[in-house]
Amino acid sequence: MMMKALALILLTAVLSAPSWTQEKPQDRRRFLDPKTQVSDDPRRIVVKPGPRGPEGTLVLRGGRIFDGTGSPAHEGTLVIERNKIVKILPANSSDWPKDAQVMDVSGKTVLPGLIDLHTHLTYPLNEENFGLASNEADATLRGAEKLRYFIESGITSVRDVGSQGDVPFRLKEWVRENRIPGPRVFPAGAFITGEGGHSTENTPDELILRMGATRLASGPDDWRQAVREQFHKGADVIKLGSHFSTEEIKAAVTEAHELGLKVTVDSETFYIQRAVEAGADTIEHPLPRSEETIQLMAKKGVAADPTLIPYQIIFDEWGGYFGSTSRRFTFSKDANLEMLKRLRKAGIKCGVGTDLILHWYRYMPGPYIRELKNFVDAGWSVPEALVAATKTNSEILDMDDRLGTLQAGKLADVLVVNGKPDENLDDLAKVELVIRDGYQVVVGGHVAIPRHSAEKAWKSATAPAEMK
Ligand SMILES: [Zn+2]
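Residue numbers restart at each chain and count upward from 1, following the sequence in its written direction. Confidence filtering applies because this is a predicted model: local features only for residues at pLDDT of at least 70, side-chain atom pairs given and counted only at 80 or more, and all residues used for totals across whole chains, interfaces and linings. Excluded from the side-chain calculation are hydrogens and water; included are all heavy atoms of the structure.

Enquirer: Would you take a moment to explain the coordination of the zinc ion for this structure?
Expert: The reference angle at a metal is 109.5 degrees if four donors form a tetrahedron and 90 or 180 degrees if six donors form an octahedron. Coordination of the zinc ion by the protein is provided by His118 (NE2), His120 (NE2) and Asp355 (OD), with metal-donor distances spanning 2.1 to 2.6 Å. Here the coordinating atoms are restricted to nitrogen, oxygen and sulfur within 2.8 Å of the metal centre, or 3.2 Å for Na, K and Ca, and because water is not among them the sites may look incomplete. Mapped onto the polypeptide sequence, the residues donating to the zinc ion form the spacing pattern H-x1-H-x234-D. One end of the pair, His120, is in the loop between β6 (114-119) and α3 (130-133); the other, Asp355, is in the loop between α12 (333-345) and α13 (366-377), with 235 residues separating them in the sequence. To sort residues, take the accessible area from a 1.4 Å probe on protein chains only and compare it with the maximum for the residue type: under 20% means buried, over 50% means exposed, and anything in between is partly exposed. The exposure class assigned to His120 is buried, which follows from its relative accessible area of 5%. Helix and strand assignments come from DSSP, with helices taken as H or I runs of at least 4 residues and strands as E runs of at least 2, each series counted from the N terminus.

Enquirer: What am I meant to see in the sheet that holds strand β8 (residues 184-187) here?
Expert: Pairing between the strands of a sheet is mediated by backbone hydrogen bonds and can be parallel or antiparallel. With respect to topology, three strands assemble into an open sheet ordered β6-β7-β8, the strand pairing being parallel. Each edge of the open sheet is held by one strand with a lone partner, namely β6 and β8. Going across the sheet, the axis of each strand differs from the next one's by a mean of 20°, ignoring polarity. As judged from the four bridges shared by β6 and strand β7 (residues 155-160), these two strands associate in the parallel manner. Bridging from a neighbouring strand, Leu114 pairs with Ile155 of β7. Whether two residues are in contact is decided by their heavy atoms: any pair within 4.5 Å suffices. The axes are straight lines fitted to the C-alpha atoms, using for helices just the contacting stretch, and the angles between their N-to-C directions are given from 0 to 180°. Along the sheet face, helix α4 (residues 136-151) touches β6, β7 and β8 and points at about 135° away from the line of β7. Across the sheet, helix α5 (residues 167-176) is in contact with β7 and β8; its angle to β8 comes to roughly 150°. One bridge is not enough; two strands pair if DSSP finds at least two bridges between them.

Enquirer: Sorry if this is basic, but what is going on with the environment of Ala235 here?
Expert: Looking at the element boundaries, Ala235 is found in the loop between α7 (220-233) and β11 (237-241). Along the sequence, Ala235 and Lys341 sit 106 residues apart, while their C-alpha atoms lie 32 Å from each other. When residues no more than four places from it in sequence are discounted, the contact partners of Ala235 are Arg43, Phe169, Pro187, Ala188, Gln230 and Leu261.

Enquirer: Looking at this structure, how should I read the side chain of Thr392?
Expert: Topologically, Thr392 is positioned in helix α14 (residues 382-397). Taking the relative accessible area as the measure of exposure, Thr392 reaches 13% and is therefore buried. Once you skip the residues sitting within four places of it in the chain, Thr392 turns out to touch Lys349, Cys350 and Val387.

Enquirer: In this structure, what is going on with the nonpolar core? I would like to understand it.
Expert: Joining through side-chain atoms within 4.5 Å is the link that ties buried Ala, Val, Leu, Ile, Met, Phe, Trp, Tyr and Cys residues into a set, and such a set is a nonpolar core. Among the nonpolar cores identified, the biggest contains 86 residues, and Ile238, Leu240, Val265, Ile283 and Leu372 are the most heavily contacted of them. Looking at this core, the element that brings in the most residues is α14, giving six residues. Dropping the residues within four chain positions of it, Val265 is found in contact with Leu240, Phe244, Ile249, Ala275, Ala280, Thr282, Ile283 and Glu284.

Enquirer: Explanation requested: the pattern of salt bridges in the structure shown.
Expert: A side chain with one charge can pair with a side chain of the opposite charge if their charged atoms come near. Salt bridge, as used here: a side-chain nitrogen of Lys or Arg that lies within 4 Å of a carboxyl oxygen of Asp or Glu. Considering all chains together, one arrives at 34 salt bridges under this definition. Of the charged contacts in the structure, one is a salt bridge between Asp427 and Lys430, with a shortest N-O distance of 2.8 Å. Its relative accessible area of 43% is what places Lys430 among the partly exposed residues. One connected set of salt bridges, linked through shared partners, spans Asp40, Arg44, Asp401 and Arg402.

Enquirer: Where do I start with helix α9 (residues 269-278) in this structure?
Expert: Given 3.6 residues to a turn, an α-helix orients residues that are three or four positions apart in the same direction. Turning to α9, its buried residues number three or more, namely Tyr271, Ile272, Gln273, Ala275, Val276 and Ala278. Where α9 is buried, its residues touch α8 (246-258), β12 (262-266), β13 (282-284) and α10 (291-300). Positive phi shows up at Gly279, right after α9, with a value of about 105°.

Enquirer: For this particular structure, what's the right way to read the packing of α8 against α9?
Expert: Two measures define how a pair of helices packs: the angle their axes make with one another and the distance between the axes. Viewed as axis vectors pointing N to C, α8 and α9 meet at an angle of 40°, and their least axial separation amounts to 9 Å. The pairing of α8 with α9 is recorded here as oblique in orientation. Crossing angle aside, the handedness with which α8 passes α9 is right-handed. Taken together, the residues of α9 that come into contact with α8 (itself represented by Thr246, Ile249, Lys250 and Val253) are Arg274, Ala275 and Ala278. Looking at side-chain class alone, the contact of α8 with α9 contains four nonpolar, one polar and two charged residues. When an angle is under 35 degrees it counts as roughly parallel; over 145 it counts as roughly antiparallel; between 65 and 115 it counts as roughly perpendicular; any other value is oblique. For a crossing to be left-handed, the near helix must be turned anticlockwise from the far one by less than a right angle; the clockwise case is right-handed. Charged residues are taken to be Asp, Glu, Lys and Arg, nonpolar residues to be Ala, Val, Leu, Ile, Met, Phe, Trp, Tyr, Cys and Pro, and polar residues to be all remaining types, Gly included.

Below is the structure:
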């Protein structure tokens, strides 16, 4: 009987584990009891147990709940305690503590916070001012400024796939501690590529080094070392770019997986095939690839982050994509949309990322909404596009156990918009309230920072002992 029960428990454990866990023997989660508190990032580092987020209960009463699971929106009330969603009540229920803060959101839509899979928080605003841009203090402030645009657009998590030095890691910490407003940051650290590879073209090595967002690597040992360097800095994901040899990409992907991190690759044509064969988890951009590669992506469950929007801006503003040795193919809006259609047809999981370089973050939320419309143009329904932006993105991030849907037990990353974005994507621009980790970061459509409380600080355990 005991054995039978044990077998059943084991079987259930195997069945409920995400497929990634089953395929990857190096995944440490099999050794983690769900009760062991770990960091809210893909690194899953054991942390001191205890409550997180602001004190108290927050009730979003009577809204249209679009929970991101694929179910249609329904009337309901969302109850948040500290940094977690505790329940979703029927519209007529008022089953919450008396001292809860209650916000009436009737007529508005409550949905999971949006996720952007492709940012570069420290990239400079223009090409002229590289001198100042490579200054790490300026890069940090620039990153903090960009975070505001993203959070005010309803984006509660960004996957940063290439930024300068320690900056994205410090931004991640400051947001996590709620010391600056912004979305959660899941940084890759520096983008790893070969000499002359993508992001290094037309740029002298000296300047690449000074900009600090690209790590040039040569040979399998050095690619492995470059991955370890990002892990050491605090990477939540590893970003690789062509060009690379079969041995180099294999070494880097294997190392990342053994360290517990997913790998995303910016590559084109046969390099995509090479990356997929090496075990990459996601391929960035809508760049050309063979039907054989698309089928291999589908077979191996490799996801795509198609990012059509940056190229639409490039084609519109620059008239084409010129002078790039990593883009030696016919490149057009039509070809990119066609690629997205082919990915969908093959059943490949597609996520949403904007890759807004230069000053383009100032166009937000327009580019994010445009990217969702690209999905619709390629065959997604509007609700399906929103599921891609939330649930699917959380899966690609390796965070679907805590983010991406509105369900009891998930982290409270919540967006309230004044409209019905599941019917009209433009309504996503009507952001009312954004909650990240239980904190109300955007109120009335703009970042809201409560006045500091000296009294609280006085009592706080973090104040030096002699001041208490
Ligand atoms: Zn990029």
